[in-house]
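# Observations on the three-dimensional arrangement
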Number of protein chains: 2
Amino acid sequence: MASPSDFLLYDTPLPAPNPRRVHIFLREKGIAIPSHRLNLQKVQQKTPEHFKRNILGQVPVLRLPNGAHISETVPICEYLESQFSDAKYPKLFGATPYANAIIHQWIRRIEQRITMHVGQVWINSHPATKVVSDRMGMKRFADFGEESKARYLQQLKWLDKVFRTKAATTASGEVYVADLDPQEASTKVESIGFSTADIVLLCQVDFGTAIGLPIPAELTALHSWHSLVSKRPSVAVENGGAMKLMPRL
Amino acid sequence: MASPSDFLLYDTPLPAPNPRRVHIFLREKGIAIPSHRLNLQKVQQKTPEHFKRNILGQVPVLRLPNGAHISETVPICEYLESQFSDAKYPKLFGATPYANAIIHQWIRRIEQRITMHVGQVWINSHPATKVVSDRMGMKRFADFGEESKARYLQQLKWLDKVFRTKAATTASGEVYVADLDPQEASTKVESIGFSTADIVLLCQVDFGTAIGLPIPAELTALHSWHSLVSKRPSVAVENGGAMKLMPRL
């Protein structure tokens, strides 16, 4: 069995939301993997050497002990879960195939409904990305960016409603993403608890906050979930600093 | 162990690209699951009854023998792979954790680089969706839709280049999506072969073709992959009919 030090994570010190997913995941698992940081300002991710590790010239990338590479944050995390699967490591992709499917179901929903809109704001109407768009010759659609803000906030509202509904029937009032689906009383379904779906949502809404789209104060059920997850040691250790370099809207 | 007939797939007879993924997957596995078709024109997916199965009122949804439900096509397929895992069933999510991670890596890339652009064309500038946008009060951004066409075609070009590069170093010339990453000669990496990543890409580019954005003729390496996958019995059985109801651009 490989040990954590046999792996290498090509990473970036910038507070981008996607690498942060992997950092939180690793802290939750208690695995310390050596990292090699690429400087994105110096475009170190677009060298011929790095394109051999990641065909798109992106980070993060996980180098395996045999020299192969895996990219994209969720597959990196799930691969590591398969390699560090003793009882001492918490399961963040579910303990059963059902839980695993539901976690992936929610990750896709978050990516389609949350990540997408906030991403469109970021690339179309955020002043901080203008210089990059200009350099790459990428057209910006300011009106679509503005609409994406409204759609993002609409999705947060929907999530708040879903968290509120579930919290009302949960004794502790503490609800995690993978347990949000409605269940008929007659169906005995295992509770899944904290999972990678929470990490993905947390990184996304914190990115939203960092670029000037905080969770509105009245969405109290969503705020409750956010506080619950943010006080976990894997997140609290960041001391609120993970996203502080981001430019606001 | 549950048998296929213990499951129920809430489905739609429309040629939408996402349910088609599940249909091809099931034929590849050789699993016949009973289905209950909802009529989307009659908005049968937005009934209180269906919202209990899928919190977003979407199809497809897989009902499990215990009455629980799983949504989103990739998690549905992967759950079924876990339930029908005897040697007689082909593995479409990889035979190892590495292969599984690479398949998911490519699925995310396809969703972010292919699905997203063709989806933006569909909802912003395709005449067939105008009536739905109007009914739902959703603003359309025609210029962004036009730009998404160009971006979609740019991504197909990129894919063509990637397929071409890999085919040049593959004895048979037959390349599947999950084998597209560059590998250093010194690294011994298993070949993955046909997988769910091919199914996802196929459904996406066929949807593109159906709405008037076919793969340009000069992208011959991408066409080779498309022919290779389209002649599989699981796809050929559709007799080109799966997408024929789609309105063209």
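Above this text sits the structure in question.
Please read these numbers as outputs of a predicted model, since none were measured by experiment. (Residues numbered from 1 in each chain as written. Chains lettered and ligands numbered in written order. Predicted model: local features only at pLDDT ≥ 70, side-chain atom pairs only at ≥ 80, totals over all residues. Heavy atoms only, no water.)

## A short note on the interface of chain B and chain A
Keep this limit in mind: In what follows, a contact means two residues having at least one pair of non-hydrogen atoms within 4.5 Å. Once two parts are joined, some of their accessible surface, as seen by a 1.4 Å probe, is lost; buried area is that loss totalled over both. Counted as salt bridges are all cases of a side-chain nitrogen of Lys or Arg within 4 Å of a carboxyl oxygen of Asp or Glu. Definition of a polar contact: a pair of N or O atoms within 3.5 Å, with one able to donate and the other able to accept a hydrogen when the atoms are protein atoms, and with sequence-neighbouring residues admitted only if both atoms are side-chain atoms. By definition, any uninterrupted DSSP run of H or I lasting at least four residues is a helix, any uninterrupted run of E lasting at least two residues is a strand, and each is numbered from the N terminus. Three classes are used, and their members are as follows: Ala, Val, Leu, Ile, Met, Phe, Trp, Tyr, Cys and Pro are nonpolar, Asp, Glu, Lys and Arg are charged, and the others, Gly among them, are polar.
Facing the 50 residues of chain B at the interface are 50 residues of chain A. Summed over both sides, the interface between chain B and chain A buries roughly 4300 Å², with carbon and sulfur atoms accounting for 59% of that surface. Linking chain B to chain A there are eight salt bridges. The residue A:E72 makes a salt bridge to B:R108 at a minimum N-O spacing of 3.0 Å. Along the contact surface separating chain B from chain A lie 10 residue pairs in polar contact (both at pLDDT 80 or more). Elements represented by at least two residues in the side of chain B that touches chain A include exactly α1 (17–29), α2 (48–53), β4 (69–71), α3 (73–83), α4 (97–125) and α6 (142–167) of chain B. When the residues that make up the side of chain B that touches chain A are grouped by side-chain class, the tally is 22 nonpolar, 15 polar and 13 charged.

## Quick word on the nonpolar core
To keep things clear, this is the line we draw: Side-chain atoms within 4.5 Å are what join buried Ala, Val, Leu, Ile, Met, Phe, Trp, Tyr and Cys residues into a set we call a nonpolar core. The buried label goes to any residue with under 20% of its type's maximum accessible area, the exposed label to any with over 50%, and the partly exposed label to all in between, with areas taken from a 1.4 Å probe on protein chains only.
By size, the foremost hydrophobic cluster in this structure holds 134 residues, and its most contacted members are A:F163 and B:F163. Residues within four places of B:F163 in sequence aside, it is in contact with B:V175, B:Y176, B:V177, B:L180, B:L201, B:A221, B:L222 and B:W225.

## Thoughts on helix α8 (residues 220–230) of chain A
Put simply, the test is: Think of it as the arc spanned by the lines of direction from the helix axis to the C-beta atoms.
Every buried residue belonging to α8(A) is among A:A221, A:L222, A:W225, A:H226, A:L228 and A:V229, and all of these are buried. Buried residues along α8(A) cover an arc of 160° about the axis, so they all sit on one side.

## A few points about unusual backbone geometry
For the bond from A:V59 to A:P60, the omega torsion is 0°, close enough to zero to count as cis. Looking at where A:P60 falls in the secondary structure, it is placed in the loop between α2 (48–53) and β3 (61–63). The phi dihedral of A:V43 falls on the positive side, at around 55°, and the residue is not glycine. Topologically, A:V43 is positioned in the loop between β2 (35–37) and α2. Residue class for A:V43 comes out partly exposed when judged on its relative accessible area of 36%. Unusually for a residue other than glycine, B:E72 sits at a positive phi of about 75°. By the secondary structure assignment, B:E72 is in the loop between β4 and α3.

## Remarks on the packing of aromatic side chains
Applicable threshold: Between 30 and 60 degrees the pair is tilted, below 30 it is stacked and above 60 it is edge-to-face, where a pair is any two Phe, Tyr or Trp rings, Trp via its six-membered ring, whose centres lie within 6.5 Å. Here, a charge over a ring is recorded when the distance from Lys NZ or Arg CZ to the ring centre is within 6 Å and its angle to the ring normal is within 35 degrees.
Going through the model one piece at a time under the given rule, you end up with 19 aromatic pairs over all chains. Seen from their ring centres, A:F7 and A:Y79 are 6.4 Å apart, and the 65° between their planes marks the pair as edge-to-face. Here A:F7, found in the segment before β1 (8–11), pairs with A:Y79, found in helix α3 (residues 73–83); they are 72 residues apart in sequence, far enough to count as distant. Residue A:F7 is classed as buried on the basis of its relative accessible area, which comes to 2%. Geometrically, the ring pair formed by B:F84 and B:Y89 is edge-to-face, given 5.7 Å between the ring centres and 70° between the ring planes. Like B:Y89, B:F84 is buried. These aromatic residues form a ring-pair network of at least three members: A:F7, A:Y79, A:F84 and A:Y89. Positioned above the aromatic ring of B:W106, the side-chain terminus of B:R109 is 4.7 Å from the ring centre. When the ring centre of B:W158 is taken as reference, the NZ or CZ atom of B:R113 above it lies at 4.7 Å.

## Let's talk about the side chain of B:Q204
All names here are of chain B. With respect to the element layout, Q204 can be found in helix α7 (residues 196–210). Classification of Q204 as buried rests on a relative accessible area of 2%. When neighbours within four sequence positions are excluded, Q204 is seen to be in contact with N18, R21, I114, T115, V118 and Y152.

## Comments concerning the relation of the copies chain B and chain A
Think of it as a corkscrew move, a rotation about one axis and a shift along it, taking one chain copy to the other. Our working rule: Least squares is the method used to superpose the copies, on C-alpha atoms of residues holding a pLDDT of at least 70 in both.
Each copy of the sequence occupies a distinct position, and chain B is placed on chain A by a rotation of 180° and an axial shift of 0.0 Å, giving an RMSD of 0.0 Å. Here the two chains are linked by the operation of a two-fold rotation axis. Relative to the rotation axis, the C-alpha of B:F144 is the closest in chain B, positioned 3.7 Å from it.

## What about the pairing of β1(A)?
Residue and element names in this part refer to chain A. Keep this limit in mind: At least two DSSP bridges between two strands are required for those strands to pair.
Inspection of the sheet shows β1 paired to β3 by three bridges, in the antiparallel sense. Across the sheet, residue L9 finds its bridge partner in β3, namely L62. In the sheet, β1 pairs with β2 via three bridges, with the strands oriented parallel. When the sheet's bridge partners are listed, Y10 is paired in β2 with H36.

## Structural notes on the packing of helix α1 (residues 17–29) of chain A against helix α7 (residues 196–210) of chain A
Residues and elements named next belong to chain A. Note the threshold: Only the stretch in contact is used when fitting a helix axis, every axis being a line fitted to C-alpha atoms; angles between N-to-C directions are given from 0 to 180 degrees. Convention used here: angles under 35 degrees read as roughly parallel, angles over 145 as roughly antiparallel, angles from 65 to 115 as roughly perpendicular, and any remaining angle as oblique. By convention the crossing between two helices is left-handed if the near helix lies anticlockwise of the far one by an angle smaller than a right angle, and right-handed if it lies clockwise.
Packing of α1 against α7 brings their axes to within 9 Å, and their N-to-C directions diverge by 140°. With respect to each other, α1 and α7 are oriented oblique. Relative to α7, α1 is oriented so that their crossing is right-handed. When α1 is examined against α7, the residues P17, N18, R20, R21, I24 and F25 are found in contact with a partner set consisting of T196, I199, V200, L202, C203, Q204, D206 and F207. Along the lines of polarity and charge, the residues of the contact of α1 with α7 split into eight nonpolar, three polar and three charged.

## Quick look at the sheet that holds strand β1 (residues 8–11) of chain B
Backbone hydrogen bonds hold the strands of a sheet together, and the pairing may be parallel or antiparallel. Residues and elements named next belong to chain B. Spatial strand order, β2-β1-β3-β4: four strands in an open sheet with mixed pairing. In this open sheet, the two edge strands, each paired with only one partner strand, are β2 (35–37) and β4. On average, each strand axis in the sheet is inclined to that of its neighbour by 20°, with strand direction left out of account. Sheet strands in contact with α3 are β3 (61–63) and β4, and its direction is about 130° off that of β4.

## Things to note about the packing of α7(B) against helix α8 (residues 220–230) of chain B
Residues and elements named next belong to chain B. Where α7 meets α8, the axes come as close as 11 Å, and the angle between the chain directions of the two elements is 110°. Taken together, the axes of α7 and α8 lie roughly perpendicular to each other. Along its contact with α7, which presents D198, L201, L202, V205 and D206, the element α8 presents W225, H226, V229 and S230. Class assignment for the residues of the contact of α7 with α8 results in five nonpolar, two polar and two charged.

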